[in-house]
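Chain by chain, the residues run as shown.
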Amino acid sequence: MKEQFYHILRGQVSGKERSDFFQELDNNPEERREYMALEKLWVAHKMAGKRTSDKFRKRSFNEFWDNTKKRKGFSIWSAISGAAAIVVISLMVGKYIFPGTWPFSPDMVEFSAPKGSISQIELEDGSRIWLNSGATAKVITHGIFKTSVDLEGEAFFDVVHNDRREFVVQAGDYSIYDRGTKFNVDYDKEQNIIKTALFEGAIDFQKDGQSLLDDLKPGKMFCFDIDERRLSITSAEQEFITAWKEGKFVFVDKTLAEIAEELEEWYDVKFIFKDPQVKEEVFTGVIKRRTSMEHLLKVLRLSSEMQYKIETKEDGSCTVIFK
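Residues numbered from 1 in each chain as written. Predicted model: local features only at pLDDT ≥ 70, side-chain atom pairs only at ≥ 80, totals over all residues. Heavy atoms only, no water.

**Side note on the side chain of Glu-154**
Tracing the chain through its elements places Glu-154 in strand 5 (residues 146–158). Within the buried core, Glu-154 has no salt-bridge partner, and the shortest N-O distance to an opposite charge, that of Arg-289, equals 6.0 Å. Within the structure, Glu-154 has its side chain in polar contact with the side chain of Asn-184 (distance 3.0 Å). Those residues in contact with Glu-154 that lie beyond four places of it in its chain are Trp-130, Leu-131, Asn-132, Ala-135, Asn-184, Val-185, Asp-186, Ile-241 and Trp-244. (Helix = DSSP H or I, 4+ residues; strand = E, 2+ residues; numbered from the N terminus. Buried < 20%, exposed > 50% of the residue type's maximum accessible area, 1.4 Å probe, protein only. Lys, Arg positive; Asp, Glu negative; His and termini not counted. Salt bridge = Lys/Arg side-chain N within 4 Å of Asp/Glu carboxyl O. Polar contact = N/O pair within 3.5 Å; in protein donor to acceptor, adjacent residues only side chain to side chain. Contact = heavy atoms within 4.5 Å.)

Laid out in structure tokens, this is it:
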């Protein structure tokens, strides 16, 4: 009967079939409880399994966002790794213990966000950095004159601008300079792609001192393919791009293959597709990152015909197989 649950919720049955279904549920309390739990999941998320218009996408996002915002919030600090938290404290204390020698020049501290967590860093000048799951950042201070962040993965930067101090994010051989800025950088080292979305102020994108893009406007983002040396500019909606910072998964017209990449990074699991066509199924929706992987897969299953199974190996590693 479980397969029928999905057909009922999607409205893929006739009126008689629906009537017969609910009559049968009345005689089976256990099945009724299971169906009502699935129905609650459907109502709470109702992820769209098709491409959507901009108007629908925006409306749906706001509905999902408001729904999750009413519940207990996602605590960034509770997700910080112990080592990172200790380093931040030592940096802040050092300012007061050695006032005559702060800041050290140069000094390097490495931070990271373990899989399934988000870490927040607060610098001495009040600038803040959020690291997404699996990201690392080496923060290097050069006295009061320069701060550089060697980044791998995704991070959001809220920089307290100072004309007398240089603030630069290093993504491999490329540099993103702060010009009074809030921006998001996603450096995918494996795919050799840099994505940067600007929300306030300005940035300068450089390599070896040569500017590659210095007129990006707030509300825009660039994607730079390092191998192809190809740069493209698109619109950047902050609530979509930085939803991870607020503890949300946001899938806007994303294929299951794209979603799987994001879930692999967060849940530290492996996804395998037996049917290549399943990869191209498209979804739109918002789900809390505290949601268990099993729960999230059920939400996807509610919006699609795809089937899956979860395999756990002896070493504890997990694989999800889409059929």
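We are not done yet, so read on.
**Overview of unusual backbone geometry**
Excluding glycine, a negative phi dihedral is what most residues carry, and trans is how most peptide bonds are arranged. One non-glycine residue, Asn-192, lies in positive phi territory at about 60°. Secondary-structure assignment places Asn-192 in the loop between strand 8 (182–188) and strand 9 (193–200). In this structure, Arg-229 is a non-glycine residue whose phi angle is positive, near 50°. Within the secondary structure, Arg-229 sits in the loop between strand 12 (220–225) and strand 13 (230–235).

**Comments concerning helix 7 (residues 256–267)**
A rise of 1.5 Å per residue sets the reference length of helix 7, with its 12 residues, at 16 Å; its end C-alpha atoms lie 15 Å apart and thus fit the reference within 8%. Elements that come into contact with the buried residues of helix 7 comprise strand 14 (248–255), strand 15 (270–273), helix 8 (276–279), strand 16 (282–288), helix 9 (293–302) and strand 18 (318–322). Just past helix 7, the residue Asp-268 takes up positive phi, approximately 55°. (Expected span 1.5 Å × (residues − 1).)

These results come straight from atomic positions and should not be treated as a statement about function.
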